[in-house]
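Examination of the molecular architecture
Spelled out from the first residue to the last, the chains are:
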Amino acid sequence: MKKIFKLEDEKKHPDRVLEAIKHEVRKYIKREKRKTLPEGVDFWKFECKSAVDDEEVKEIDFLEITKAIDEASIKKAKTLYLEIIATNGYKEKKDNNAETEVE
């Protein structure tokens, strides 16, 4: 998802606009998580980027998406750019040999 959200709407209360944006983002994430995983992939990993108004795009953590939306509203920004891309995620393998060598 690559989208520019308008944070100001003359017909809607600002809080309702924020809730609509958060709802759309959550709906997209749920839809992507429901997709079947390719063979050998453990989970869906999300790479996220955001920008307020015309600022430079910066990478953010997946868990900071709603925080970025809230910060944009606090700054009284007119637009918010969000980019959320689902990629393949792999679990890290635990190395049991390192523990046995210490003993």
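Conventions and cut-offs
- Residues numbered from 1 in each chain as written.
- Predicted model: local features only at pLDDT ≥ 70, side-chain atom pairs only at ≥ 80, totals over all residues.
- Heavy atoms only, no water.
- Phe/Tyr/Trp six-rings, centres within 6.5 Å; stacked < 30°, edge-to-face > 60°.
- Helix = DSSP H or I, 4+ residues; strand = E, 2+ residues; numbered from the N terminus.
- Buried < 20%, exposed > 50% of the residue type's maximum accessible area, 1.4 Å probe, protein only.
- Salt bridge = Lys/Arg side-chain N within 4 Å of Asp/Glu carboxyl O.

**A look at the packing of aromatic side chains**
For the structure shown, the criterion picks out 1 aromatic pair. Ring centres of Phe46 and Phe62 lie 5.1 Å apart, and the angle between their planes is 15°; this geometry places the pair in the stacked category. On the criterion of sequence distance, the pair formed by Phe46 in strand S2 (residues 43-52) and Phe62 in the loop between strand S3 (58-60) and helix H2 (65-74) is long-range, its members being 16 residues apart. Judged by its relative accessible area of 8%, Phe46 falls in the buried class.

**Looking at the pattern of salt bridges**
All chains considered together, the criterion is met by 4 salt bridges. Ionic pairing is found between Asp70 and Lys22, a salt bridge with its closest N-O pair at 2.8 Å. With Asp70 in helix H2 and Lys22 in helix H1 (residues 14-34), this residue pair connects regions lying 48 residues apart in the sequence. Taking relative accessible area as the criterion, Lys22 reaches 10% and is therefore assigned buried.

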